[in-house]
Amino acid sequence: MDNRRSSTREFVHGITALILALFLLGVSSGLGVLKSIVDIWGAILFIPEYPAVIMREMFLEWRSWSRDKDYLSGEVTRLRNENANLRLELAKIAGEKIYSPDKTPEARTARVTLRAPMSWWSEIRIDRGEHDKITQGLPIFSNGYLIGRVSTVSLISSWAELITSSSFMIPAVIEETRELGVVEGDGSGSVLLRYIPAGRGVRSGMKVSTAMIGEQLPPGLPIGQIAGEFTPGSDGYTTYRIEPGADLSRFYTVNY
Amino acid sequence: MILVILWLVQDLLTVFTGGGMQIPGLFMLGVAYRLLIDDGSGDESLWAIWTAFAGGVLWDIRWIGIPGFFTLGYVVVVLIVIQVWGIIPPQGRVSGTGLIVFALLEASQIIPPALPIIVLGGNTSWGGFFMQQAYSLPAILFTMYVYSRKVRSSSV
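These numbers were taken from a predicted model, which means no experiment stands behind them.

Section: the overall build of chain A
Inference 1: Secondary structure summary: chain A contains two helices and twelve strands in total.
Inference 2: In chain A, which comprises 256 residues, the share counted as buried stands at 27%.
Inference 3: Counted over contacts in chain A with a minimum sequence separation of 6, partners at least 24 positions apart contribute 55%.

Rendered as structure tokens:
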């Protein structure tokens with residue numbers, strides 16, 4: 001009996017609530033006071049909602065900042081690449097003027113007289129000495145590209161240190177980007193360009209030559225071109241592998 | 001009190017998302033949960049009908065602008081829960097009702113937001129509606145977990 005009474009009450013209340021809801025739905029759009037009620041309720045809820053409003057603003061600000069950062073970062077990378085490509089194009093249009101001592105009238109040639117297997121990538125002996133105005137530090141070339149410099153001079157012969165020697169270190173510049181670094185050999189036939197900041201748009205094929213800040217070597221002596229990139233180190237600098245312009249495995253004479 | 005907090009949390013989440021994302025109906029989950037754990041000794045059903053009505057009116061005033069949509073949906077959900085749950089005898093509610101509980105809790109999430117879509121059409125997208133259902137699922141499962149713990153502790 002109680003159950004039936006309870007069910008009847010539930011039914012009556014439920015139907016009443018439904019009718020009221022439908023009534024509200026039907027008439028509320030025409031009620032003029034509704035707008036005021038919505039405003040008042042919104043004003044009351046403004047206080048508890050305030051932290052959520054602040055958090056939302058902070059989130060939107062952070063998202064906007066993050067998007068802008070991504071966009072600008074992408075734009076910088078794009079412009080760097082574009083700049084590098086333009087420099088390459090410019091170099092091509094300019095006719096790729098490469099300093100070439102063996103093509104100049106005063107270029108002189110020396111013959112390689114010794115290249116010891118034990119120091120194959122480190123030094124060579126040439127058949128020119130003090131009599132031929134050879135001086136210590138004089139750059140030597142093959143095929144127009146720097147391959148080393150004179151280290152010791154005697155009366156009729158001299159020793160020259162090759163750029164593949166592990167003790168050979170000279171300042172160099174990437175011509176297209178004007179980034180400065182240090183060229184050094186690894187003693188095993190490779191030539192590396194170190195200390196170039198990562199993310200500077202350096203690409204394979206860019207030319208490397210001696211830099212103005214060198215002590216003995218004049219600036220602009222061509223060395224070779226960028227051949228590849230090693231993984232940037234944790235210090236933010238990248239090492240590049242250089243492909244020397246001269247064939248260091250096959251030269252019998254050098255120019256100076 | 002807990003339902004007031006749930007209503008406010010639901011409101012704050014909607015504010016946080018700017019109203020552009022459908023938030024799980026935490027308030028109705030709370031109301032449905034109260035009905036599911038009711039032992040039938042008091043006037044829980046009547047309380048639930050009018051609480052849902054009031055919560056719906058306030059939600060409509062805050063977010064829809066026209067009272068009635070969520071009010072109607074909330075009341076319909078409460079009546080469905082009362083009727084379906086009333087069919088099952090109290091002794092049978094202890095075990096084997098997981099699917100029914102899930103269906104009732106799911107109904108509390110499907111029916112209220114579906115009404116504005118059906119009536120207003122393009123005002124709210126079906127995509128948003130289905131996204132809300134996806135967001136609601138963890139809340140429903142959590143409510144089921146709390147319910148099962150409550151039932152287990154009551155039957156021990």
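Re the overall build of chain B
Inference 1: When helices and strands are counted, chain B shows six helices and zero strands.
Inference 2: Helices and strands in chain B line up, N terminus first, as α-α-α-α-α-α.
Inference 3: Looking at chain B residue by residue over its 156 residues, the buried ones come to 40%.

A look at the interface of chain A and chain B
Inference 1: Facing the 24 residues of chain A at the interface are 24 residues of chain B.
Inference 2: Mapped by element, the contributors of at least two residues to the side of chain A that touches chain B are α1 (2-27) and α2 (34-93) of chain A.

Description of the sheet that holds strand β9 (residues 207-210) of chain A
All names here are of chain A.
Inference 1: The strand order around the closed barrel built from six strands is β6-β7-β8-β11-β10-β9, with neighbouring strands paired in antiparallel fashion. Pairs of neighbouring strands in the sheet enclose a mean axial angle of 40°, with direction left out of account.
Inference 2: Two elements, β9 and strand β10 (residues 222-229), share three bridges in a ladder whose sense is antiparallel. Among the inter-strand pairings, Ser 209 is bridged to a residue of β10, identified as Pro 222.

Here's the deal with the environment of Ala103(B)
Inference 1: Position of Ala103(B) among the secondary structure elements: in helix α5 (residues 98-120).
Inference 2: Among the residues examined, Ala103(B) registers 13 C-beta atoms within 10 Å and is labelled partly exposed.

Considering the packing of helix α2 (residues 26-36) of chain B against helix α3 (residues 44-64) of chain B
Residues and elements named next belong to chain B.
Inference 1: Closest axis-to-axis distance for the α2/α3 pair is 10 Å, and the angle between their directions is 175°. In this view, α2 runs roughly antiparallel relative to α3, as classed from their interaxial angle. Where α2 abuts α3, its residues Phe 27, Val 31, Arg 34 and Leu 35 lie against Glu 44, Ala 48, Thr 51, Ala 52 and Gly 55.
Inference 2: Each residue belonging to the contact of α2 with α3 can be placed in one class, and the counts come to five nonpolar, two polar and two charged.

A short note on the pairing of strand β5 (residues 158-162) of chain A
All names here are of chain A.
Inference 1: The element β5 is extensively covered by neighbouring structure, given that four of its five residues are classed as buried.
Inference 2: Two strands pair when backbone bridges link them, and strand β2 (residues 123-126) and β5 are joined in this way by four bridges, in the antiparallel orientation. In the strand pairing of β5, Glu 123 is matched with Glu 161.
Inference 3: In this structure, strand β4 (residues 145-153) lies alongside β5, joined through five bridges in antiparallel fashion. Looking at β5, one finds that Gly 148 is bridged to Leu 162.
Inference 4: In sequence, β4 turns back onto β5 through a hairpin of four residues.

Re the environment of Met131(B)
Inference 1: As for its placement among the helices and strands, Met131(B) is situated in helix α6 (residues 126-155).
Inference 2: Through-space distance from the C-alpha of Met131(B) to that of Pro24(B) is 9.7 Å; in sequence the pair is 107 residues apart.

Some details on the pairing of β2(A)
Inference 1: Here strand β1 (residues 109-114) of chain A pairs with β2(A) via two bridges, running antiparallel. The partner of Leu114(A) across the bridge, within β2(A), is Arg125(A).

Let's talk about the confidence of the model for chain B
Residues and elements named next belong to chain B.
Inference 1: Across chain B, pLDDT averages 84, with 87% of residues at or above 70.
Inference 2: Here α6 is the element of chain B with the lowest mean pLDDT, 82, and α2 is the one with the highest, 92.
Inference 3: Model confidence for the complex: the whole-complex pTM is 0.55, and ipTM, which rates the interface, is 0.81.

Describing the nonpolar core
Inference 1: Among the nonpolar cores identified, the biggest contains 39 residues, and Val31(B), Ala32(B), Leu35(B), Ala52(B), Val75(B) and Val78(B) are the most heavily contacted of them.
Inference 2: Among the elements of the structure, α1 of chain A together with α1 (2-16), α2, α3, α4 (69-87) and α5 of chain B are those that each provide at least two residues to this core.
Inference 3: Per-element accounting of this core gives the leading share, twelve residues, to α4(B).
Inference 4: Once residues lying within four places of it in the same chain are set aside, the contact partners of Val31(B) are Leu3(B), Ala48(B), Thr51(B), Ala52(B) and Val78(B).
Inference 5: Ile134(A), Ile196(A), Met206(A) and Ile242(A) belong to the second-largest nonpolar core, a separate cluster that totals 36 residues.

Looking at the packing of α1(B) against α2(B)
Packed helices, taken two at a time, are described by their axes: the angle between them and the distance between them.
Residues and elements named next belong to chain B.
Inference 1: Relative orientation of the contacting elements α1 and α2 amounts to 155°, with a least axis distance of 7 Å. As summarised for this structure, α1 and α2 are arranged roughly antiparallel, according to the angle between their axes. Judged by residue contacts, Ile 2, Leu 3, Leu 6, Trp 7, Val 9 and Gln 10 of α1 engage Leu 26, Phe 27, Gly 30 and Val 31 from α2.
Inference 2: Each residue belonging to the contact of α1 with α2 can be placed in one class, and the counts come to eight nonpolar, two polar and no charged.

Here we look at unusual backbone geometry
Residues and elements named next belong to chain A.
Inference 1: Of note in the backbone geometry, Arg 178 takes a positive phi value of approximately 60° without being a glycine.
Inference 2: For Arg 178, the location among the structural elements is in the loop between β6 (169-174) and β7 (180-185).
Inference 3: Although it is not a glycine, Tyr 195 adopts a positive phi angle of roughly 65°.
Inference 4: By secondary structure assignment, the location of Tyr 195 is in strand β8 (residues 191-197).

Comments concerning α3(B)
Inference 1: In this model α3(B) runs 28 Å from its N-terminal to its C-terminal C-alpha over 21 residues, within 8% of the 30 Å that 1.5 Å per residue would give.
Inference 2: Phi turns positive, to about 90°, at Gly65(B), one or two residues after α3(B).

Conventions adopted
Residues numbered from 1 in each chain as written. Chains lettered and ligands numbered in written order. Predicted model: local features only at pLDDT ≥ 70, side-chain atom pairs only at ≥ 80, totals over all residues. Helix = DSSP H or I, 4+ residues; strand = E, 2+ residues; numbered from the N terminus. Buried ≥ 20, exposed ≤ 12 C-beta atoms within 10 Å, placed from the backbone. Contact = placed C-beta atoms within 7 Å. Pairing = 2+ DSSP bridges. Axes fitted to C-alpha atoms, helices over the stretch in contact; angles between N-to-C directions. Parallel < 35°, antiparallel > 145°, perpendicular 65-115°, else oblique. Nonpolar A, V, L, I, M, F, W, Y, C, P; charged D, E, K, R; others polar. pLDDT = per-residue confidence, 0-100. Core = buried A, V, L, I, M, F, W, Y, C linked by C-beta atoms within 7 Å. Expected span 1.5 Å × (residues − 1).

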